[in-house]
Amino acid sequence: MTLNRHRQRLQSVVEGVYDRFLELIIYPSVWVALALASLGIYAQTALGLTNDWQPILLIFFTALIPYNLDRIFDSYIQKIPDDKAQLFFRQPFVLILLFGAIAGAAFLLYSAPQGVRYVSLAGIFPLLYGAPVFPSKRSEWHWYRLKDIPGSKAWIVGLIITYAVVALPLAYGGVGLDANAVLITLFLFVFIVTNSHIFDIRDLESDRQKGVVTLPILIDVSGTKWLLSAMNLSVMLVPLFLRHSEIAFHLEIILATAVNILYVALVNTNTPRWVYNILIESCLFIPFLYQWAIAS
């Protein structure tokens, strides 16, 4: 009996810690914002730029804004399958975090070089992504969002994030695109857009019920997996073809895309949400962790 009570108590503690982790880190997208900031650090290093905390912090704040804004809209427009998350995004705490992120991003943009401000004008698209801003009338008036464009949801997310994690470090460094930057951009786009499409597999039923036509709905889950695997395989082979060229060889591209191919093959609509929320989002840290490991 004593052993059973200890086991139950330990289970209760673990569940309590996990719930707090969800509420403080996962639900408000702090985890994914940190992951995207780590991709900014990776891009800085891979592109040979000076270490600068400002673009990294700006990436972090600008990631928090659209993710939380989108989930707040979803909690009223498209019910979130996770009841705890649904309740969370109707709490005042989320609005405090959202306005704090907006204030932080505004301060950084105010003190940033003019070129950074021009580059940051594209930030309007993440704000519009989940907002009902396009009116249409068939039998009755209905407001549409950017992500309601059939099949576009994860592509838009991947494009916006890739732009941020590459363009902001380049703008702060006052550097333009070169062949190496194009390779890094291609890798990051496929790396990020794969992660985004996988979450559309998780949200398949929710999107279908609301009429949001994502890639897994358009070409089925198996078709999505084949497409993502082919994209990642193509990107993984690029560094091998360029190994003896003047462009830097990036082993982390091969490693990160191999991980992408692995989880694309393993996940499905029945995969527990915690696997998506923690393990798959954590895969976004891989390029940064690789750099940190070889630099240590």
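Okay, so let's go over this structure. (Residues numbered from 1 in each chain as written. Predicted model: local features only at pLDDT ≥ 70, side-chain atom pairs only at ≥ 80, totals over all residues. Heavy atoms only, no water.)

Notes on the pattern of salt bridges
At step 1: By the definition in use, this model includes 3 salt bridges.
At step 2: The partner of Asp-203 in a salt bridge is Arg-202, with the nearest N and O atoms 2.9 Å apart. The pair formed by Asp-203 and Arg-202 is uniform in burial state, with each residue classed as buried.
At step 3: Measuring nitrogen to oxygen at the nearest pair gives 3.6 Å for the salt bridge that ties Arg-273 to Asp-203. Taken together, the positions of Arg-273 in helix α13 (residues 273-282) and Asp-203 in the loop between α9 (179-202) and α10 (204-210) put the pair 70 residues apart, joining distant regions of the chain.
At step 4: On the accessibility criterion, Arg-273 (21% relative accessible area) is partly exposed.
At step 5: Accessibility expressed as a relative area gives 12% for Asp-203, which makes it buried.
At step 6: Overlapping salt bridges bring together Arg-202, Asp-203 and Arg-273 as one network. (Salt bridge = Lys/Arg side-chain N within 4 Å of Asp/Glu carboxyl O. Buried < 20%, exposed > 50% of the residue type's maximum accessible area, 1.4 Å probe, protein only. Helix = DSSP H or I, 4+ residues; strand = E, 2+ residues; numbered from the N terminus.)

Overview of the packing of helix α2 (residues 30-46) against helix α8 (residues 153-173)
At step 1: Where α2 contacts α8, the axes come no closer than 9 Å and their chain directions differ by 45°. For the element pair α2 / α8, the angle class is oblique. For the crossing formed where α2 meets α8, the hand is right-handed. Together, Leu-36, Leu-39, Gly-40, Ala-43 and Gln-44 of α2 and Ile-161, Val-165 and Pro-169 of α8 make up the contact between the two elements.
At step 2: For the contact of α2 with α8, the per-class residue count stands at 6 nonpolar, 2 polar and no charged. (Axes fitted to C-alpha atoms, helices over the stretch in contact; angles between N-to-C directions. Parallel < 35°, antiparallel > 145°, perpendicular 65-115°, else oblique. Left-handed = near helix turned anticlockwise from the far one by under 90°. Contact = heavy atoms within 4.5 Å. Nonpolar A, V, L, I, M, F, W, Y, C, P; charged D, E, K, R; others polar.)

Remember, this is a structural readout, not a statement about activity or role.
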